[in-house]
Amino acid sequence: NSDTAMYQAKALGRNNYRFYSPEMDAKAADRLMLENNLRRALERNELALHYQPIVSLASGEVVAVEALLRWTHPVMGAVSPARFIPVAEDSSLILPIGEWVLETACRQIREWDRSGSFHGRIVINLSPRQFRQGDLVQRFTHIIKRTGIDPRRLGMEITESVIMENLDSSIRMLQSLKDMGVEFSLDDFGTGYSSLSYLKRFPVDKLKIDQSFVRDLVNDHDDESLVKAIIAMAHNLKIRVVAEGVETVDQLEFLREHRCDLYQGYYFSRPLPAHELKFPQYLPRPNEPNAGSSL
Ligand code: C2E
Ligand code: MG
Ligand code: MG
Ligand code: MG
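Looking at an unreviewed UniProt entry, one finds the protein named cyclic-guanylate-specific phosphodiesterase, with Acidihalobacter prosperus as its source organism.

Would you explain the pairing of strand E6 (residues 183-189) in this entry?
Remember that side chains alternate between the two faces of the sheet whenever the strand is regular. Among the seven residues in E6, six count as buried, and that is most of the element. Direction of pairing for strand E5 (residues 154-159) relative to E6: parallel, over a ladder of five bridges. Bridging from a neighbouring strand, glycine 155 pairs with glutamate 183 of E6. Direction of pairing for E6 relative to strand E7 (residues 206-209): parallel, over a ladder of three bridges. Across the sheet, the residue bridging to leucine 186 is leucine 207, located in E7.

Please explain the packing of aromatic side chains as it appears in this structure.
Any pair of aromatic rings gets described here by the distance separating the centres and the angle formed by the planes. By the definition in use, this model includes four aromatic pairs. Look at tryptophan 112 and phenylalanine 118: their rings are 5.3 Å apart centre to centre, the planes differ by 85°, and that puts the pair in the edge-to-face class. Look at phenylalanine 118 and you get buried, because its relative accessible area is 4%. In this structure an aromatic cluster arises from ring pairing among Tyr51, Trp112 and Phe118. Just above the ring of tyrosine 266 sits the side chain of arginine 270; from NZ or CZ to the centre is 3.9 Å.

Sorry if this is basic, but what is going on with the site of ligand 1 here?
Near ligand 1 you find 22 residues, and of these Arg70, Asn125, Asp187, Glu247 and Tyr266 are the closest. At 3.1 Å, a side-chain N or O of aspartate 188 approaches an oxygen atom of ligand 1. Contacts to ligand 1 include glutamate 247, whose side-chain N or O atom sits 2.5 Å from a nitrogen atom. Look at ligand 1: alone it shows 810 Å² of surface, and the protein chains cover 81% of it. Listed by contribution, the elements that provide at least two residues to the shell around ligand 1 are strand E2 (62-73), helix H3 (81-91), helix H4 (94-115) and E6. Of the residues forming the shell around ligand 1, the biggest block, four residues, is contributed by E2.

Explain the coordination of the magnesium ion (ligand 3) to me, please; I cannot follow it from the model alone.
Within the protein, the atoms that donate to the magnesium ion (ligand 3) are Asp187 (OD), Asp188 (OD), Glu244 (OE) and Glu244 (OE), at distances of 2.0 to 2.8 Å. Between consecutive donors of the magnesium ion (ligand 3), the numbers of intervening residues give the motif D-D-x55-E. Between the magnesium ion (ligand 3) and the magnesium ion (ligand 2), a separation of 3.5 Å is found, and both are coordinated by aspartate 187. Separated by 56 residues along the polypeptide, aspartate 188 in strand E6 and glutamate 244 in the loop between strand E8 (240-243) and helix H12 (249-257) bring together distant segments of the chain. Its relative accessible area of 25% is what places aspartate 188 among the partly exposed residues.

How should I be thinking about the environment of methionine 173 in this particular structure?
Mapping methionine 173 onto the fold places it in helix H8 (residues 167-180). By relative accessible area, which is 10% here, methionine 173 ends up buried. The sequence separation of methionine 173 and arginine 132 amounts to 41 residues, and the corresponding C-alpha distance is 10.0 Å. With residues up to four places along the chain from it excluded, the contact list for methionine 173 reads Phe131, Gln133, Leu136 and Val137.

Help me out: how do you make sense of the coordination of the magnesium ion (ligand 4) in this one?
Expected angles at a metal are 109.5 degrees for tetrahedral coordination by four donors and either 90 or 180 degrees for octahedral coordination by six donors. Here the magnesium ion (ligand 4) is held by the protein donor atoms Asp188 (OD) and Glu244 (OE), which lie 2.3 to 2.7 Å from it. The two metals, the magnesium ion (ligand 4) and the magnesium ion (ligand 2), are separated by 5.9 Å.

What is the right way to look at the environment of valine 137 in this model?
With respect to the helices and strands, the residue valine 137 is situated in helix H6 (residues 136-147). Note: C-alpha distance between valine 137 and methionine 173 (36 residues apart in sequence) is 6.6 Å. With sequence-adjacent residues up to four places away left out, valine 137 is seen in contact with Met173, Ser176 and Leu177.

What is the right way to read the side chain of serine 269 from this model?
Looking at the element boundaries, serine 269 is found in the segment after strand E9 (262-263). Taking relative accessible area as the criterion, serine 269 reaches 12% and is therefore assigned buried. Each residue touching serine 269, except ones within four places of it in the same chain, is listed here: Gln52 and Pro53.

What's the story with the pattern of salt bridges in this structure? I'm lost.
Oppositely charged side chains may form a pair once their charged atoms are brought near each other. With the rule as written, the count across this model stands at 18 salt bridges. For lysine 208, the salt bridge identified is with glutamate 66, shortest N-O distance 2.9 Å. Placement of the pair is lysine 208 in strand E7 and glutamate 66 in strand E2, with a sequence separation of 142 residues. As far as burial versus exposure is concerned, lysine 208 and glutamate 66 are alike and both buried. Across the salt bridge formed by arginine 256 and glutamate 253, the nearest N and O atoms sit 3.4 Å from each other. Of this pair, arginine 256 and glutamate 253 both sit in helix H12, separated by three residues, roughly a single helical turn. Members of the salt-bridge network, linked through shared partners, are Glu66, Glu157, Lys208 and Glu244.

Criteria and thresholds
Residues numbered from 1 in each chain as written. Chains lettered and ligands numbered in written order. Predicted model: local features only at pLDDT ≥ 70, side-chain atom pairs only at ≥ 80, totals over all residues. Heavy atoms only, no water. Buried < 20%, exposed > 50% of the residue type's maximum accessible area, 1.4 Å probe, protein only. Helix = DSSP H or I, 4+ residues; strand = E, 2+ residues; numbered from the N terminus. Pairing = 2+ DSSP bridges. Phe/Tyr/Trp six-rings, centres within 6.5 Å; stacked < 30°, edge-to-face > 60°. Lys NZ or Arg CZ within 6 Å of the ring centre and 35° of its normal. Near = heavy atom within 4 Å. Polar contact = N/O pair within 3.5 Å; in protein donor to acceptor, adjacent residues only side chain to side chain. Areas by Shrake-Rupley, 256 points an atom, 1.4 Å probe, with all protein chains shown as cover. Donors = N, O, S within 2.8 Å, 3.2 Å for Na, K, Ca; no water. Contact = heavy atoms within 4.5 Å. Salt bridge = Lys/Arg side-chain N within 4 Å of Asp/Glu carboxyl O.

Following this line, the structure appears as structure tokens:
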């Protein structure tokens, strides 16, 4: 109620007045509107997953795809995840949505199994709210069993802040999913605490260098040093490195030169609906037996 807001603003004094500005009311109203619409998005079938290839720098093979949520509202059209994921997170709607994401990914794996078109992993994003769920492992195990897929075909991405929140219980949850064969990546690496001593304790398989560091590669020497250091450090810890947001051949060559393992970005492919994905055949390298034989 705006009268109450005004009263509180006055009580807090002049300097705090801007916190109760009309723009803030508009923003809160926008979030509430999104929340109400998101609440119906699942049952109205408005959500979809797009998939973005994750490619080996050494072989050119697509080893995995990242599942990215898309929401198309009948009136608003496409709403970006940057806008609706935080709303889903704050309202707990991310819990049913997150289970829908896992289930949809599992069904996609079965479909690719049937058609024989892709044998890599689907990697899904886990939000902090999901990770705080005490029974996450049971819930996920249930979905994996019900859909009948091999958990070795799944990967999950989490951010550092999620693990830091509750280190011991997070590591236990991570470990029980890893024991089933699920692979874990640390997403947006470099934007959080980046405490190297903690990294040693996280049982993660991969680390994803945030796209903000990849963007200015080849122009910004600080970012170049940082990316080199991250790759070297990860390799020392036996963790593989994925670069996200690769858009140019120059960025790709830099990453190749510094032994980055995998990359993802518009340069190779944007996230696409499953039926639009093309999986290129594995290309033999020049010194391999079959190289060139079909040319
Ligand atoms: P993220 O997990 O870091 O995903 C990577 C984002 O970078 C995606 O944005 C992707 O479309 C974008 N991207 C990929 N390649 C490039 C590139 O070459 N250039 C640029 N500029 N961008 C690129 P998107 O799809 O908008 O998703 C944004 C964020 O929303 C994700 O960041 C993730 O944190 C969250 N999100 C998406 N789907 C889900 C989901 O199913 N569950 C949860 N909890 N979060 C999700
Ligand atoms: Mg991600
Ligand atoms: Mg990421
Ligand atoms: Mg990111």
